[in-house]
Amino acid sequence: MTRSDNDNAREEMDGAIARGAFFAGEPLRDGKLVRSDRGYMSAILPSGQRAIATTISTETSAGGFILPNDRVDVIMVRRKTAQEGFLTEVILSNIRVLAIDQRIEEDAQGNRTAVGTTATLELSPEQSKIITVAQQMADRLTLALRSVADVQEPDTTGPKHL
C-alpha cells in the first residue's frame, strides 16, 4: 500500500505490527502486517499450524528461561508403577514457542522474578493431537530448551502410540 494508492494509508496502518522484516523501499502489504483488531496470535501463526497451550512451571521449563521463538523438546513424564518408577519420552522435538505468559512474583526478601505458567506452542494438526493426548496421560510435561544451533533440525511428529 502506498500513499499514492490510498490517501488514508498512513491512518489505516496506524497500530499495525510487522509480521517480519521489511526491506528498504519495499511496499507495505497487508499480508506482512498484523492488525491489532484482528488477533495477534492467529496473525503470526503460519498457515496450517495450530497454537496449543500447555501448563508449565519453572521446574518444567528450563528454569523460566524459555522465551517466545525459542525451540523446545516436549518430554512426557509418567509413572509406570510404584515399583518401576517413571517413564520419560520425548513426544515432540524442535517445537517453536509462540508465547509464554509471565507475571511478576516477589519473594519474602523482595526479589522480583518473572514466572510463566503457560507456554503456547506452534504445532501441526498431528502434533496437536499428540500433545492433547499426552496432557491427559502424563504426570507432567516438561519443556527442554534447545540450542539456537538446532533450529534447522526438522520438527518431529512424535510417537504414534499415544
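Residues numbered from 1 in each chain as written. Predicted model: local features only at pLDDT ≥ 70, side-chain atom pairs only at ≥ 80, totals over all residues. Heavy atoms only, no water.

Draft legend 1. View of the confidence of the model for the protein chain. Across the protein chain, the average pLDDT comes to 80, with 79% of residues at 70 or higher. Per-residue pLDDT, averaged within each element of the protein chain, yields its smallest value for strand 7 (residues 112–115) (65) and its largest for helix 3 (residues 125–137) (94). (pLDDT = per-residue confidence, 0-100. Helix = DSSP H or I, 4+ residues; strand = E, 2+ residues; numbered from the N terminus.)

Draft legend 2. A look at the pairing of strand 8 (residues 118–123). Extensive coverage of strand 8 is indicated by the burial of 5 of its 6 residues. Two strands pair when backbone bridges link them, and strand 3 (residues 50–55) and strand 8 are joined in this way by 6 bridges, in the antiparallel orientation. Counterpart to Ala53 in the pairing with strand 8 is Thr120. Bridge count between strand 5 (residues 85–100) and strand 8: 4 bridges; the pairing is antiparallel. Across the sheet, residue Val97 finds its bridge partner in strand 8, namely Leu121. (Buried < 20%, exposed > 50% of the residue type's maximum accessible area, 1.4 Å probe, protein only. Pairing = 2+ DSSP bridges.)

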